[in-house]
Amino acid sequence: MRPARIAILASGTGSNAQALIRKAQELGADKLEVGFVLSDKEEAPVLERARDLGVPAFLRAKFNDRRTHEDAILMLLKEHHIDWVLLAGYMRLLSPYFLKTLQSWHQSASQVVNIHPSLLPAYPGVDSIARAYTDRVSESGVTLHLVDEGMDTGLVLRQQKISLGNETLPEWSAKFHRVEHQIYGAFLTDIAEGHQKTCYFTET
Ligand code: GAR
């Protein structure tokens, strides 16, 4: 069996992308390959972070319409025979067309995953950590879920709670990032070890 090939889509800082790449490299190229990182934002630090770790990084931004943009991304995913698409702070919704095209290459399986800093369905969208902090919730957390066409909807795969005590917002945010990296890393390990089944890319 060849290694599972993943692509990471990210729009910003890239701490999750970096943690995923490091984890994949630790697990070994015989089990996992990060085909590329893609950003939809010019000058997103994630591009540099990926290249520093030896992973090809592509920018696909500024398309006139969503379909052309998604087709440009699909072309890369197809060229690299990507099995799993991992969203790591990718701040765009994916269309049913995009998701169905991927499923057609993966024996109808959904292999697009997102990490989100709240206990979904609470606090979807942007600034989830700060909004929960402002509301003085007693706890929030991190959710790993399959991606559908909604905003931070889709089947929940894993959740981990994070309680709120006397932390400042930056301190509390740092906890989220640590938990995100752990949860995503554990998911990657499951893929590498075969505990999470991979439907391998086949061209249709
Ligand atoms: C992460 O906290 C991730 O959970 C969040 O964006 C941040 C990206 O950080 N994603 C969402 O809010 C998705 N709706 P990073 O660029 O350092 O990985």
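Each remark here, short or long, concerns the structure printed above.
Overview of the structure. (Residues numbered from 1 in each chain as written. Predicted model: local features only at pLDDT ≥ 70, side-chain atom pairs only at ≥ 80, totals over all residues. Heavy atoms only, no water.)

### Considering the overall build of the protein
Here is step 1: Within the protein, the secondary structure is distributed over 6 helices and 7 strands.
Here is step 2: Since a compact globule built from 204 residues should have a radius of gyration of about 17 Å, the 16 Å found for the protein is in line with a globular shape.
Here is step 3: Seen through its C-alpha atoms, the protein measures out along the principal axes to roughly 50 × 40 × 35 Å.
Here is step 4: Every one of the 204 residues in the protein was classed for burial, and the buried ones make up 50%.
Here is step 5: The long-range fraction of contacts in the protein, counting pairs at least 24 apart against all pairs at least 6 apart in sequence, stands at 69%.
Here is step 6: Summing over all exposed atoms, the protein offers an accessible surface of approximately 9,800 Å²; the carbon and sulfur share of this is 52%.
Here is step 7: Averaging the locations of the 22 positively and 25 negatively charged side chains of the protein gives two centres separated by 1 Å. (Helix = DSSP H or I, 4+ residues; strand = E, 2+ residues; numbered from the N terminus. Rg over C-alpha atoms; globule rule 2.2 N^0.38 Å. Buried < 20%, exposed > 50% of the residue type's maximum accessible area, 1.4 Å probe, protein only. Contact = heavy atoms within 4.5 Å. Areas by Shrake-Rupley, 256 points an atom, 1.4 Å probe, with all protein chains shown as cover. Lys, Arg positive; Asp, Glu negative; His and termini not counted. Charge placed at Lys NZ, Arg CZ, Asp CG, Glu CD.)

### Points about the site of the ligand
Here is step 1: Taken together, 13 residues form the shell around the ligand, and within it G14, S15, N16, H116 and E180 come nearest.
Here is step 2: Within the backbone of G14, an N or O atom sits 2.7 Å from an oxygen atom of the ligand.
Here is step 3: Residue H116 places a side-chain N or O atom 3.0 Å away from a nitrogen atom belonging to the ligand.
Here is step 4: In isolation the ligand offers 450 Å² of accessible surface; the protein chains occlude 89% of this area.
Here is step 5: Listed by contribution, the elements that provide at least two residues to the shell around the ligand are α1 (15-27), β5 (112-116) and α6 (169-193).
Here is step 6: Here the residues of the shell around the ligand are counted per class, giving 3 nonpolar, 8 polar and 2 charged. (Near = heavy atom within 4 Å. Polar contact = N/O pair within 3.5 Å; in protein donor to acceptor, adjacent residues only side chain to side chain. Nonpolar A, V, L, I, M, F, W, Y, C, P; charged D, E, K, R; others polar.)

### Some details on the sheet that holds strand β4 (residues 84-87)
Sheets are built from strands paired through backbone hydrogen bonds, the pairs being either parallel or antiparallel.
Here is step 1: Strand order in the open sheet formed by 7 strands is β3-β2-β1-β4-β5-β6-β7, with mixed pairing between adjacent strands. Each end of this open sheet is capped by a strand with a single partner; those strands are β3 (57-59) and β7 (156-163). Ignoring which end each strand starts from, the neighbouring axes of this sheet average 20° apart.
Here is step 2: Both strand β1 (residues 4-10) and β4 contribute to a ladder of 4 bridges, which runs parallel. Across the sheet, the residue bridging to L9 is L87, located in β4.
Here is step 3: On top of the sheet, α1 reaches β1, β2 (32-39), β4 and β5; it is set at about 165° to β2, its chief contact. (Pairing = 2+ DSSP bridges. Axes fitted to C-alpha atoms, helices over the stretch in contact; angles between N-to-C directions.)

### Some details on unusual backbone geometry
Here is step 1: Geometrically, the link from L120 to P121 is a cis peptide bond, its omega value of 15° lying close to zero.
Here is step 2: Relative to the elements of secondary structure, P121 occurs in the loop between β5 and α5 (128-134).
Here is step 3: A positive phi angle, near 60°, is found at D152, a position not held by glycine.
Here is step 4: With respect to the helices and strands, D152 occurs in the loop between β6 (139-146) and β7.
Here is step 5: By relative accessible area, which is 15% here, D152 ends up buried.

### Concerning helix α2 (residues 45-52)
Here is step 1: Burial in α2 covers these residues: V46, L47 and A50. Relative to the axis of α2, the buried residues are bounded by an arc of 105° and lie together on one face.
Here is step 2: On the buried face of α2, the contacting elements are β1, α1, β2 and β3.
Here is step 3: Positive phi appears at G54, one or two residues downstream of α2, with a value of about 80°. (Arc of directions from axis to C-beta.)

All we've got here are geometric facts, nothing functional implied.
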